[in-house]
Amino acid sequence: MAIIEVSELKKSFGDLEVLKQITFDVQKNDVVAIIGPSGSGKSTMLRSLVHLEEINGGSVRISGDYLVKDGVYPKTQEIKQVTSRMGMVFQHFELFPHLTVKENLELAPKMTKREPTDAIRRRSAELLEKVGLSDKANVYPSKLSGGQKQRVAIARALMMNPEILLFDEPTSALDPELTGEVLAVMKDLAEEHMTMIVVTHEMGFAQEVANRVIFMDKGEIVESGNPVEVLTNPQHERTKAFLNRNL
Ligand code: ADP
Ligand code: MG
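Let me sum up the structure you'll find in this document. All values derive from a computational prediction rather than experimental measurement.

**So, the overall build of the chain**
For the chain, the count of helices and strands is 9 helices and 10 strands. A compact globule built from 247 residues should have a C-alpha radius of gyration of about 18 Å, and the chain, at 18 Å, falls within 12% of that. With the C-alpha coordinates of the chain rotated into their principal frame, the extents come out at 50 × 45 × 35 Å. Sequence-distant contacts in the chain: of pairs separated by 6 or more residues, those separated by 24 or more amount to 63%. Here the chain holds 30 positive side-chain charges and 35 negative ones, and the gap between their average locations is 5 Å.

**Some thoughts on helix 1 (residues 42-49)**
An α-helix turns once per 3.6 residues; consequently, residues spaced three or four apart project the same way. Of all 8 residues in helix 1, 6 are buried; the element is thus mostly enclosed. For helix 1, the full list of buried residues reads K42, T44, M45, L46, S48 and L49. Of the residues one or two after helix 1, H51 is the one with positive phi, at around 65°.

**Describing the pattern of salt bridges**
Summed over the entire model, instances satisfying the criterion amount to 13 salt bridges. With its nearest N and O atoms 3.9 Å apart, the salt bridge here joins E78 to K75. In this structure E78 comes out as partly exposed when scored by relative accessible area, which is 41%. K75 sits in the exposed class, given a relative accessible area of 60%. A salt bridge links E208 to K187; the nearest nitrogen and oxygen atoms lie 2.6 Å apart. Of this pair, E208 sits in helix 7 (residues 203-209) while K187 sits in helix 6 (residues 176-191), and the two are 21 residues apart along the sequence. On the basis of relative accessible area, K187 is assigned to the partly exposed category, the value being 30%.

Thresholds applied
Here the residue numbering is sequential within each chain, running from 1 through the sequence in written order. In the order they appear in the text, chains get letters beginning with A and ligands get numbers beginning with 1. The predicted origin of the model limits local features to residues at a pLDDT of at least 70 and limits the giving and counting of side-chain atom pairs to 80 or more, whereas totals for whole chains, interfaces and linings rest on all residues. Side-chain measures were taken over the full set of non-hydrogen atoms in the model, leaving aside hydrogen atoms and water. Under the DSSP-based scheme used, a helix requires at least four consecutive residues in state H or I and a strand at least two consecutive residues in state E, with every element numbered from the N terminus. The reference for a compact globule is 2.2 Å times residues^0.38; the radius of gyration itself is calculated from the C-alpha atoms. It only takes one pair of heavy atoms within 4.5 Å for two residues to be counted as in contact. Working convention for charge: Lys and Arg count positive, Asp and Glu count negative, and His plus the chain ends are omitted. Where a charge lies is defined by one atom per residue type: Lys uses NZ, Arg uses CZ, Asp uses CG and Glu uses CD. Burial status follows relative accessibility: with a 1.4 Å probe on protein chains alone, a residue under 20% of its type maximum counts as buried, one over 50% as exposed, and anything between as partly exposed. Whenever Lys or Arg places a side-chain nitrogen within 4 Å of a carboxyl oxygen from Asp or Glu, that contact is recorded as a salt bridge.

Function-wise, these values are silent; they only describe arrangement.
Next comes the structure, spelled out in structure tokens:
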């Protein structure tokens, strides 16, 4: 079953056409790695899925419901209903510096006022344990390493019980020795069958954890398929050139 259906998505910033008729599906429980050169539109594509960018044409459906249909957005309430099914993790963590780790996790669920505070507290404790940071619940983000910050960001994204997690280069801002702990958490999530789209330069992770790789260049999907095939036997010259630079 397709949980994300993107068809003919177009996005420009002024005269700059950043996404040119992008079409792809993500199946439930898929882990999709998106690779491609800087400036190819990977972040804009992810941001469009959660309505951090408004697209100029095409459609996006999440679990069957339109986020945008033929370039037309529904009412704010409907947009929120659709985007609330997704959580996003950013390259630079985007934690709230003035809130403790626990407060970072609990802020969004408390603001939505949909469940009792003790249920929220229980979940934040569980999720901090899941990412190995129970002992950091009451510290501020400035006291954490980059790898710890990113694990907090992942736990925070999970607080809203998303159906889909989006990652935009989650390890690119980390020192090499800290990437492993973040990738390990992501691998655990994949093993629990979380549906994930991961923009990444970690080809090892893409090959080991993803079940599909999409290669983007200049606002287009050039090639996609099984990770081993795309990464070891690419069919397109642009993919070959990119991989030769990155492997
Ligand atoms: P990637 O994530 O693959 O590096 P991006 O999606 O960030 O690519 O950017 C694609 C192109 O869109 C780049 O040329 C970038 O400069 C441009 N771009 C991204 N965001 C904006 C913006 N808010 N305003 C203008 N141009 C932008
Ligand atoms: Mg980017």
